[in-house]
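Observations on chain architecture
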Amino acid sequence: MAKTILVTGGAGFIGSHLCEKLIEQGNYVTCLDNFFTGSKKNVEHLIGDKHFELIRHDIIEPIRLEADEIYNLACPASPIHYQFNAIKTIKTSVLGVTNMLGIAKRTKAKILQASTSEVYGDPLMHPQKEEYWGNVNPIGIRSCYDEGKRVAETLMMDYHRQHNVDIKIIRIFNTYGPRMAENDGRVVSNFIIQALKNQDITIYGDGSQTRSFCYVDDLVRGMIALMNKDGFHGPVNVGNDGEFTIKELAEQVIKLTNSNSKIVYKPLPSDDPVKRRPDLTLARKELNYKPTIKLEDGLKKTIEYFESTL
Ligand code: NAD
Ligand code: UDP
């Protein structure tokens, strides 16, 4: 049966793919976004569809809406954007999440919170399992995001325990793909744009730090699987468990774009995690989740996208 689904941050990179998929499955989607890092352009193709409604709204402010399900993605995700107004970022994860939990409590909607691998901080356990409590600096430049997302998880669990709200927590690992904003600032889009423009590729630090990159379609599949899994609340890691150094990523992007770009080295921002790879055992067991798109294939699709937009 068609559901009414609220997607906050739905005009962002991941949110726009999620809205598209939920509509494709026959649901009615209400997208809330303040357009800080997202844009109408990302959902332009959905506007006019009777299954889609777009509302400009900041989740820090209360709003009264009806929903069967809520996907709470509203929050800037790239370090340059979440550090632009750090206080606003943490408010989004505390006041914003509380507002969305309020809707879930009143309407008895299921609610999924987009959490992050950043809750593990600069992890001392590798790969990261959900049981790991993390190694997070509470007062650093990444804290507004990392600690905000940790409090968001706490709020979700407390609404679950205290008010029996049906919550879901997904810990998303570095995700990339079409519709990342040109000025997003995260590594995959930066490298692709630099390579396509034959500009220097900016590696922060010596490039030996690692990340595990997930193509957006795999992530969205995992998110919907979690929402639909009765009786399971997470937290659960979702991503791709292939692990690459940032230098390897730069080399792959140069190769796939046939670019003349040279690699240059810039200072490493503080608290930049040294390594990151999800342990996906729980996602496999509970959600039957397995990433299907290899880095090379996902990069090719993302390069095609940026070739068409630049
Ligand atoms: P994004 O910046 O493209 O999307 C975030 C969206 O939220 C944007 O459309 C933005 O305008 C909107 N937004 C921000 N603050 C808001 C507010 N106060 N009220 C209403 N809307 C607001 O980033 P993304 O990569 O699509 O990330 C989506 C979610 O997934 C975020 O919550 C992020 O923390 C989480 N996440 C993403 C990744 C990743 O690698 N992409 C990794 C971990 C977690
Ligand atoms: N990074 C880089 N060059 C860039 C952007 C990022 O070397 O132009 C590095 C960054 O320092 C980090 C990694 O790439 O080590 C991933 O950064 P991103 O901002 O994409 O995600 P996060 O650090 O939040 O995982």
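Residues numbered from 1 in each chain as written. Chains lettered and ligands numbered in written order. Predicted model: local features only at pLDDT ≥ 70, side-chain atom pairs only at ≥ 80, totals over all residues. Heavy atoms only, no water.

Each pair of aromatic rings is reported with the distance of its centres and the angle of its planes. Throughout the structure, instances matching the rule amount to seven aromatic pairs. Judged by centre distance (6.0 Å) and plane angle (20°), the rings of tyrosine 120 and tyrosine 132 are stacked. You can see tyrosine 120 sitting in the loop between β5 (110-116) and α4 (143-163) and its partner tyrosine 132 sitting in the loop between β5 and α4, a full twelve residues away along the chain. On the numbers, 6.5 Å between centres and 85° between planes, the contact of tyrosine 176 with phenylalanine 213 is edge-to-face. You can see tyrosine 176 sitting in strand β7 (residues 175-176) and its partner phenylalanine 213 sitting in the loop between β9 (210-211) and β10 (214-215), a full 37 residues away along the chain. You'll find tyrosine 176 and phenylalanine 213 in the same group, each marked buried. (Phe/Tyr/Trp six-rings, centres within 6.5 Å; stacked < 30°, edge-to-face > 60°. Helix = DSSP H or I, 4+ residues; strand = E, 2+ residues; numbered from the N terminus. Buried < 20%, exposed > 50% of the residue type's maximum accessible area, 1.4 Å probe, protein only.)

Another aspect to go through is the pattern of salt bridges. For the coordinates displayed, the defined rule picks out 22 salt bridges. For the salt bridge of glutamate 20 with arginine 179, the shortest nitrogen-to-oxygen distance reads 2.6 Å. Of this pair, glutamate 20 sits in helix α1 (residues 13-24) while arginine 179 sits in the loop between β7 and α5 (187-196), placing them 159 residues apart in sequence. Arginine 211 is the partner of aspartate 272 in a salt bridge, and the nearest nitrogen-oxygen pair spans 3.1 Å. Separated by 61 residues along the polypeptide, aspartate 272 in the loop between β13 (263-266) and α8 (281-287) and arginine 211 in strand β9 bring together distant segments of the chain. (Salt bridge = Lys/Arg side-chain N within 4 Å of Asp/Glu carboxyl O.)

One water molecule sets the probe size; rolling that probe over the atoms shows where empty space is left. The computed volume of the second largest pocket comes to approximately 260 Å³. Taken together, Thr37, Ser39, Lys41, Asn42, Arg179, Met180, Ala181, Glu182, Tyr305, Phe306 and Thr309 form the lining of the second largest pocket. For the lining of the second largest pocket, the class distribution of residues is four nonpolar, four polar and three charged. (1 Å grid on protein atoms, 1.4 Å probe; cavity = no way out; pocket = protein on both sides within 12 Å on 5 of 7 lines; lining within 4 Å. Points joined across faces, edges and corners; volume = space filled by probe spheres on them. Nonpolar A, V, L, I, M, F, W, Y, C, P; charged D, E, K, R; others polar.)

Before going further, it helps to examine the site of ligand 1. Within the structure, ligand 1 sits among 29 residues, and Asp33, Thr37, Leu73, Tyr145 and Thr175 are positioned closest to it. Contacts to ligand 1 include isoleucine 59, whose backbone N or O atom sits 3.0 Å from a nitrogen atom. Between an oxygen atom of ligand 1 and a side-chain N or O atom of lysine 149, the distance comes to 2.8 Å. Out of a free accessible area of 830 Å², ligand 1 has 97% covered by protein chains. If one sorts the elements of the shell around ligand 1 by residue count, β5 sits on top with three residues. Per-class residue counts for the shell around ligand 1 are 14 nonpolar, eleven polar and four charged. (Near = heavy atom within 4 Å. Polar contact = N/O pair within 3.5 Å; in protein donor to acceptor, adjacent residues only side chain to side chain. Areas by Shrake-Rupley, 256 points an atom, 1.4 Å probe, with all protein chains shown as cover.)

Quick look at the packing of α1 against helix α6 (residues 216-228) now. With their axes 10 Å apart at the nearest point, α1 and α6 run at an angle of 60° to one another. Here α1 lies oblique to α6, going by the angle between them. Crossing hand, α1 versus α6: right-handed. Taken together, the residues of α6 that come into contact with α1 (itself represented by Phe13, Ile14, His17, Leu18, Lys21 and Leu22) are Val216, Asp217, Leu219, Val220, Met223 and Ile224. In terms of residue class, the contact of α1 with α6 is made up of nine nonpolar, one polar and two charged. (Axes fitted to C-alpha atoms, helices over the stretch in contact; angles between N-to-C directions. Parallel < 35°, antiparallel > 145°, perpendicular 65-115°, else oblique. Left-handed = near helix turned anticlockwise from the far one by under 90°. Contact = heavy atoms within 4.5 Å.)

Looking at the chain as a whole, the pLDDT averages 97, with 100% of positions reaching at least 70. The element-level mean pLDDT for the chain is lowest in helix α2 (residues 79-82), coming to 96, with strand β4 (residues 69-72) highest at 99. (pLDDT = per-residue confidence, 0-100.)

So, about α6. Between the first and last C-alpha of α6 there are 19 Å, a value that for 13 residues agrees with the 18 Å anticipated at 1.5 Å per step. All buried positions along α6 are accounted for by Val216, Asp218, Leu219, Val220, Gly222, Met223, Ile224, Leu226 and Met227. (Expected span 1.5 Å × (residues − 1).)

In this section: the site of ligand 2. Inspection of the region around ligand 2 gives 18 residues, with Thr202, Tyr204, Arg211, Asp272 and Arg276 positioned closest. Within the contact set of ligand 2, an oxygen atom lies 2.9 Å away from a side-chain nitrogen or oxygen of arginine 142. At 2.8 Å, a side-chain N or O of arginine 211 approaches an oxygen atom of ligand 2. Burial of ligand 2 by the protein chains amounts to 95% of its free accessible area of 520 Å².

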